[in-house]
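# Structure assessment
Chain residues, written in single-letter form:
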Amino acid sequence: MKEQIVKILAEKVPSLTEAEITELIEIPPNPEMGDYAFPCFRLAKTLRKAPPMIAQEIHDSIELPSYIQELRVVGAYLNFFIKKDVFAETLLTQVRADRFGSSDEGEGKTICIDYSSPNVAKNFHVGHLRTTIIGNSLYKIFSKLGYHVERINHLGDWGTQFGKLIVAYKKWGSEDAVKEKGIEELMRLYVLFHQEADKDPALEDEARFWFAEMERGNEEALNIWQWFVEISLEEFKRTYKLLGMEFDHYMGESFYRDKTDDVVKRITDAGLLSESEGAKIVDLSEYDMAPCLILKNDGSSIYATRDLAAIFYRKENYHFEKCLYVTGQEQRLHFQQVFKVVELMGNEWAKDSLVHIPYGLVSLGGEKLSSRDGNVIFAEDILLEAISKIKEIIEQKNPELEDKDAVAKHVGVGAVIFNDLYNQRIKDVSFRWEHLLNFDGETGPYVQYTYARCSSILRKIDDFDASAAVDISFLTDEASLGLLKELSRFPAVVKDAANRYEPSVVARFAVAVAQAFNHYYTVNRINVEDAAERNARVLLVDITRKVLRDAMDLLGITCVEQM
């Protein structure tokens, strides 16, 4: 319908392209104002007339096609009223289409997504959830559009912090304590190092020495380091399993340590490397940026060097269309520097292919988290707490529910994920139990409950035939049309989320569909006696259920059949 309206307007408004008209067309907030509206403000300057006058002139020049019930001027807007039966049938056909919401636009193209990437020997705390949840959702969104996606976990498993840990372990740790307590003991040692280093700065020199030994291949240093990596991965994978997430590659910074010499050579050959106080840098002052440090004054690499090596490795091995980096906004400058160095080395593809996707801070009750100070909330504990609280609600409201543990897991974990993704990623997120576990608000449990309600209705209808012809007259009421309109947005929502790297678009769509469905369910009886009406009503329930499931899947959330 929108495409047809665009073609009509393009004939009457030659100063605008069809693409520009498409961007301008709006859906009125109130159905009584029409199904589509075309604002005429933009035409006022070129036509030198008042927008309402322009709207009236366009109105008078249009001969109504058969599918338009009415064309009305409302101020500066030209409002189109589509015949309800035509509109309902058009929307229903769209929503029932095979692979609804999917696309082939990414066919033959690869996208690399670098996300999660926790630091080895540090807790996977609640702050790591943001990159993990956002990255996983983007993987699903781009896959929905036909892209091949490489999910890369670029573990923070190399750097001076391991020199610190080796010093702390040798001075205050023991093999038995690490074996018994695992990453908890490693964190204790890490925090203790910083406390002692504040009193004895010489410890920092010892840490730098041990990291330099790691880079030189010292067997003792590397054995301790490898042990710490294995302990950490065991915990990380337990959390990923709880989240229902996987990765194609666990390729941390250490994977690229034998590739940094080549990077340094390529930068040198490009005439970009210079010396500053004994360190090797790329001067970026021409681009209003601080220099990009490539080698420290002791000759050891830094994370920028390893990020550069990773970019070239991924380009040469995966031939990516885009490489996305989902990290906190505090790393914005770092990626600007790294991407600029890649570009200055003569790689024009860097301008469009390398994308940093920043996000805001995360807190528990408004308190910022810091691993150095030991103020840490484990991500696993947050997820298990959410599951436990949902289990309590189930015991109170539906104690006879089958598979209570599985339901509690999917709803509890889903609530945490949805709470993160509902707001724009650049905004800060606070975990507040009273909000994220609410079954009545704009939350994961609310959407989950709506999906379960759809499933419950379908279980009670024995003779529903999804392939049967539909009597559209039963789907032309305001509530049915409102729900169909929301559902029909799904393909555009998926594309918009991908274009903006913004999963919140999908989360808000899921809430809008749930709200529209619950209104539809309130004002319409579903299981009526008339077979034709019943089948039409149930069909709308069925396709709502499918779209809600697909939308929640794009967020990384598994829907439950009963609650």
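## Observations regarding the nonpolar core
In terms of nonpolar packing, the biggest core is built from 160 residues, with L9, F38, I58 and F418 touching the most fellow members. With 12 residues, helix α11 (residues 219–243) is the single largest residue contributor to this core. Ranked by size, the runner-up nonpolar core spans 34 residues in total, among them V264, I267, V282 and L295.

## A closer look at the sheet that holds strand β3 (residues 77–82)
Read from one edge to the other, the open sheet built from 3 strands follows the order β1-β3-β2, with strand pairing classed as antiparallel. This sheet does not close on itself; its edge strands, each paired only once, are β1 (36–39) and β2 (68–74). The average undirected angle you get between the axes of adjacent strands in this sheet is 20 degrees. Bridge count for β1 against β3 is 4 bridges, and the pairing is antiparallel. Looking across to β3, one finds that A37 is bridged to N79. Most of the contacts of helix α1 (residues 2–12) go to β3, to which it runs at about 135 degrees, and overall it touches β1, β2 and β3. Contacting β1, β2 and β3, helix α4 (residues 51–61) crosses the sheet at an angle of about 155 degrees to β2.

## Quick notes on the packing of aromatic side chains
A full pass over the atoms with the stated rule returns 29 aromatic pairs. Both rings, one in F100 and one in F490, keep their centres 5.9 Å apart while their planes meet at 50 degrees; by these two values the pair is tilted. One end of the pair, F100, is in the loop between α5 (84–96) and β4 (110–114); the other, F490, is in helix α21 (residues 490–500), with 390 residues separating them in the sequence. As far as burial versus exposure is concerned, F100 and F490 are alike and both buried. Ring geometry for W158 versus W225: centroids 5.1 Å apart, planes at 90 degrees, classification edge-to-face. With W158 in the loop between β5 (148–153) and α7 (160–172) and W225 in helix α11, this residue pair connects regions lying 67 residues apart in the sequence.

## Thoughts on the confidence of the model for the chain
A low pLDDT score tells you not to read the predicted coordinates there in detail. Looking at the chain, pLDDT values average 93 and 98% of them are 70 or higher. Within the model, pLDDT remains below 50 along residues 369–374, and this stretch shows 18 contacts once partners closer than five positions in the same chain are excluded.

## What to know about helix α12 (residues 260–269)
The complete set of buried residues in α12 reads T260, V263, V264 and I267. Viewed along the axis of α12, the buried residues span an arc of 100 degrees, placing them on a single side of the element. The exposed residues of α12 that point more than 90 degrees off its buried face are D261, K265 and D269. Along its buried surface, α12 packs onto β7 (273–276), β8 (279–282), β9 (292–295), α13 (303–318) and α14 (332–344).

About the criteria used
- Residues numbered from 1 in each chain as written.
- Predicted model: local features only at pLDDT ≥ 70, side-chain atom pairs only at ≥ 80, totals over all residues.
- Heavy atoms only, no water.
- Core = buried A, V, L, I, M, F, W, Y, C linked by side-chain atoms within 4.5 Å.
- Buried < 20%, exposed > 50% of the residue type's maximum accessible area, 1.4 Å probe, protein only.
- Helix = DSSP H or I, 4+ residues; strand = E, 2+ residues; numbered from the N terminus.
- Pairing = 2+ DSSP bridges.
- Axes fitted to C-alpha atoms, helices over the stretch in contact; angles between N-to-C directions.
- Contact = heavy atoms within 4.5 Å.
- Phe/Tyr/Trp six-rings, centres within 6.5 Å; stacked < 30°, edge-to-face > 60°.
- pLDDT = per-residue confidence, 0-100.
- Arc of directions from axis to C-beta.

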